[in-house]
Amino acid sequence: MSALATNARVVKALGMRSVKQTFRRPQLIAPIIVFPTLLLAIQTGGASSAVQLPGFPPVQSFLQFMLAGAIVQSLMIAGNSGGIALAVDIEMGFTDRLFSAPIPRFAIVLGRLAGTAALGLFAALWFLAIGLVFGVTFEAGAAGVLLAIVLATCAALAVGGIGAAIALRTGSASVVQGLFPLVLVILFLSSAFFPQELMIEPAKTIAQYNPLSFIVEGIREPMISGIDAADTLDAVLAILGIVLLGLLLSDRALRHRLRVG
Amino acid sequence: MPAIAVNGLERRFGEVLAVQGIDLSVEEGEIYAFLGPNGAGKTTTVRMLTTLLLPTGGSASVAGRDVVKEARAVRASIGVALQEAALDPLMTGRELIRLQATLQGLPTAEGRRRADRLLERVDLSAAADRRVGTYSGGMQRRLDLAAALVHEPRVLFLDEPTTGLDPVSRKTIWEEVRALNDDGTTVFLTTQYLEEADQLANEVAIIDSGRIVAEGTPDSLKAEIGNPHIQLHLADGGIPKAEAVLAGIGRLLPPRDGKCVEVEVANGAADIPRVVRALDEAGVAVESLELVKPTLDDVFVAKTGHHLETESEEDAERPPVGA
């Protein structure tokens, strides 16, 4: 078996462990699915007339608009939960088991990210299913749904990289968990839950440059209007930027951890 | 070629020199015990030898490979069971060993075969599909050991493999370690239990404050110390007077727990009457006494000036003889 195939098996095995670990620990899976679902229900139930505001993008329903925000919220929490789980692994010494195996050590990070990406995929499917159940029409059809799923999966991997870097650097689950409010702040300062056009300053400008807004719009556009090449490209670039940042920071944190023990 | 060769190995954490330039050599097929108290540098040394921590000085090779320059080759040759079994409580025992097999690059079918075999070997087949979080401490240690063996390593590192275990679980682990060694596996184990080192090891290194203070077979180390000592339990308040009397008979050992006095004697049992008579004449009431042959703790005391354990198992298993 080639080294590449062996490493791919390791990443797959660690990714599967990561997913199982999340589903077996209610405190990890609940925030990823339950919290965004509840928020989606509350927002669509209580603020659905927002679609009538002047300047609100033309949508079939507020739920159609909100789905992308719920997906991105879910995958942001998945990234944070992935970081918490990695930090727990460090705290209980499980990473030592992985680090003492004859595999490239970055495969350990990639395994964790593979798991986070799978959770992002699950979150996308969950919220798209909710949309379908409640009659949301996906304007770009099957291709649009597929695009939204791919972007969500990749975005989960990207934010998972940031969570992994923080976990590797701090080795503390409570520190990573403590970043949860920050995740929400970054999310609310994007176009996840409200159109940029209707925001007031400085939130409007922040949302305009917030990479999450690009990701949200990349996922939202195929749902509410159709596939837009520019929006898709912006989303892909935002994801790539976060991926590169996450991998770079993870690599540095990993080297630091191995140096200091 | 030795299975483990260490030259001037050093690890500094800021201002603290945790491991201070140690040298050691472990031959193939040996059980080598690294004996020392908490904080002596045992785990730091193991972490360097297993490539989990970079040394800040010196060099080391395991299975003929440099731990820094050929770290991945080293990791392919070693099995590691670290202090406090590093297990995921949410995984089942079977999942853990299969994951370990994948990490070691074994094909899926072979990994499954070995997992089943190892689970049986450590008597965990019945619990294999239960989550590790439901296992007892002894079961977790056995699982950790099985996971470390999945790729049949040449050298096995066990960092305090029995710390916190009950005596029965401890003996089960010892039997397994002996069986592995009989199969040709070199074992490097750290321990703070004298009996463990004495029972298992061909070679013992005593480490204290980051330095190896003695090295040899358990028998040769004890022979270096030479004389047995008499351990006396006295009535309340008798210790200062007894120490004054016994200082004229033999060398007093450092106080262990404030409840007894120990004096090294040249003639073993023949010196007991003399000791009892002297104490009697001084009006010191002896509750019990025991003739203790040199132990690794005595070696430790001789080399470091203090005891390794305040409550060794040897003490627990050897009730004092009534005086």
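Along each chain, numbering runs from 1 in the same order as the chain's sequence is written. As they are written, the chains are lettered A onward and the ligands numbered 1 onward, keeping that order. Predicted model: local features are reported for residues with pLDDT of at least 70 only, side-chain atom pairs are reported and counted for 80 or more only, and whole-chain, interface and lining totals are derived from all residues.

Points about the overall build of chain A
Stated formally: Runs of E in the DSSP output that reach at least two residues are strands. Runs of H or I that reach at least four are helices, and both are numbered from the N terminus. Buried residues are those with 20 or more other C-beta atoms within 10 Å of their own C-beta, exposed residues have 12 or fewer, and partly exposed residues lie in between; C-beta atoms are placed from the backbone. C-beta atoms are first placed from the backbone for all residues, and any pair lying within 7 Å is then listed as a contact.
Scanning chain A from N- to C-terminus turns up 11 helices and 0 strands. Taken over the C-alpha atoms alone, chain A extends approximately 60 × 40 × 35 Å along its principal axes. Relative to its 261 residues, chain A shows a buried fraction of 48%. In chain A, once contacts between residues fewer than 6 apart in sequence are set aside, the share between residues at least 24 apart is 82%.

Overview of the overall build of chain B
Check the secondary structure of chain B and you find 12 helices and 15 strands. Projected onto its principal axes, the C-alpha coordinates of chain B cover approximately 75 × 45 × 35 Å. Taken over 323 residues, chain B has a buried fraction of 49%. Once local pairs closer than 6 in sequence are excluded, the contacts in chain B between residues at least 24 apart make up 69%.

With respect to the interface of chain B and chain A
Accessible area lost when the parts come together is the quantity often used to give the size of an interface. So the rule is basically this: Side-chain classes are defined by residue name, with Ala, Val, Leu, Ile, Met, Phe, Trp, Tyr, Cys and Pro counting as nonpolar, Asp, Glu, Lys and Arg as charged, and the others, Gly among them, as polar.
Counting from both sides, the interface comprises 22 residues of chain B and, opposite them, 23 residues of chain A. Those elements that place two or more of their residues in the side of chain B that touches chain A are helix H2 (71-77) and helix H3 (93-103) of chain B. When grouped by side-chain class, the residues that make up the side of chain B that touches chain A number 12 nonpolar, 5 polar and 5 charged.

Quick look at the nonpolar core
How we decide: Defined on buried residues, the nonpolar core groups Ala, Val, Leu, Ile, Met, Phe, Trp, Tyr and Cys residues joined through C-beta atoms within 7 Å. What counts as a domain boundary in this text is fixed by an automatic or database domain assignment.
One finds Ile71, Val72, Ala155 and Ile215 of chain A to be the most contacted residues of the largest nonpolar core, which totals 172 residues. Element by element, the count of residues in this core is highest for helix H3 (residues 62-91) of chain A, at 18 residues. Built from parts of two domains, this core gets at least three residues from each of domain 1 (4-216) and domain 2 (223-322) of chain B. Here valine 72 of chain A is in contact with Ala155, Leu187, Ala192, Leu212, Ile215, Val216 and Ile219 of chain A, once residues within four sequence places are set aside.

A look at the packing of helix H8 (residues 218-225) of chain B against helix H11 (residues 296-304) of chain B
Residues and elements named next belong to chain B. As a reminder, the rule being used: Axes here mean lines fitted to C-alpha atoms, for a helix over just the part in contact, with angles spanning 0 to 180 degrees between N-to-C directions. Between 65 and 115 degrees an angle is taken as roughly perpendicular, under 35 as roughly parallel, over 145 as roughly antiparallel, and anywhere else as oblique. In this scheme the handedness of a crossing depends on how the near helix is turned from the far one: anticlockwise by less than a right angle means left-handed, clockwise means right-handed.
Axis separation between H8 and H11 bottoms out at 9 Å; the angle between their running directions is 55°. Judged on the interaxial angle alone, H11 and H8 are oblique. Regarding H8 and H11, the two cross each other, and that crossing is left-handed. Taken together, the residues of H11 that come into contact with H8 (itself represented by Pro218, Leu221, Lys222, Glu224 and Ile225) are Leu296, Asp298, Val299 and Ala302. When grouped by side-chain class, the residues that make up the contact of H8 with H11 number 6 nonpolar, no polar and 3 charged.

Topic: the domain arrangement of chain B
Residue and element names in this part refer to chain B. For chain B, the domain assignment lists domain 1 (4-216) and domain 2 (223-322). Placing the centre of domain 1 and that of domain 2 at their C-alpha centroids yields a distance of 36 Å. Across the contact, 13 residues belong to domain 1 and 12 residues belong to domain 2. With 4 residues, the single largest contributor to the side of domain 1 that touches domain 2 is helix H7 (residues 194-200).

Observations regarding the sheet that holds strand E1 (residues 4-13) of chain B
Let me state the cut-off plainly: When DSSP finds two or more bridges between two strands, those strands count as paired.
Read from one edge to the other, the open sheet built from 4 strands follows the order E2-E1-E4-E5 (chain B), with strand pairing classed as antiparallel. Both edges of this open sheet fall to strand E2 (16-26) and strand E5 (65-66) of chain B, since each of them pairs with a single strand only.

Here we look at the confidence of the model for chain B
As a note on interpretation, predicted positions should not be read in detail where pLDDT is low. Residues and elements named next belong to chain B. Definition in use: pLDDT expresses how confident the predictor is about each individual residue, on a scale running from 0 to 100.
Model confidence for chain B is summarised by a mean pLDDT of 85, while 95% of its residues fall at 70 or above. Low pLDDT (under 50) marks residues 310-323, which in the prediction has 23 contacts with non-local residues, meaning those over four places away or in another chain. Scoring the predicted complex yields pTM 0.79 and, for the interface, ipTM 0.83.

What to know about the packing of helix H2 (residues 26-46) of chain A against H3 of chain A
All names here are of chain A. Running from amino to carboxyl end, H2 crosses H3 at an angle of 160°, the nearest separation of the two axes being 9 Å. By the angle between their axes, H2 is roughly antiparallel relative to H3. As for how H2 packs across H3, the hand of that crossing is right-handed. Touching Leu28, Pro31, Ile32, Ile33, Phe35, Pro36, Leu40, Gln43 and Thr44 of H2 are Phe62, Leu63, Met66, Ala70, Gln73, Ser74, Ile77, Ala78, Ser81, Ile84 and Ala85, all from H3. Considered class by class, the residues forming the contact of H2 with H3 number 15 nonpolar, 5 polar and no charged.

Section: the environment of arginine 75 of chain B
Looking at the element boundaries, arginine 75 of chain B is found in helix H2. Judged by the 26 C-beta atoms lying within 10 Å of it, arginine 75 of chain B falls in the buried class. Spatially, the C-alpha atoms of arginine 75 of chain B and threonine 51 of chain B are 7.3 Å apart, while their sequence positions differ by 24 residues. Those residues in contact with arginine 75 of chain B that lie beyond four places of it in its chain are Ser100, Ala101 and Pro102 of chain A together with Thr51 of chain B.

Some words on the pairing of E2 of chain B
Residues and elements named next belong to chain B. Bridge count between E1 and E2: 8 bridges; the pairing is antiparallel. Its bridge partner being in E2, arginine 11 is matched across the sheet by valine 19. Taking the residues that link successive antiparallel strands as the turn, the E1-E2 hairpin has 2 residues, and the phi of glycine 14 there is positive, at about 60°.

A look at unusual backbone geometry
Both trends apply: most residues other than glycine have a negative phi, and most peptide bonds are in trans. A cis geometry characterises the amide bond from glutamate 201 of chain A onward to proline 202 of chain A, with omega recorded as 0°. Considering the arrangement of structural elements, one finds proline 202 of chain A in the loop between helix H8 (180-188) and helix H9 (203-209). One non-glycine residue, glutamate 160 of chain B, lies in positive phi territory at about 45°. Inspection of the secondary structure puts glutamate 160 of chain B in the loop between strand E7 (155-159) and helix H6 (167-182). If you check the backbone angles, serine 209 of chain B has positive phi at about 50° while not being a glycine. Structurally, the position occupied by serine 209 of chain B is in the loop between strand E9 (203-208) and strand E10 (211-216).

Details of the environment of threonine 108 of chain B
Here threonine 108 of chain B shows up in helix H4 (residues 108-121). Sequence separation between threonine 108 of chain B and leucine 124 of chain B is 16 residues, and the spatial gap between their C-alpha atoms is 20 Å.

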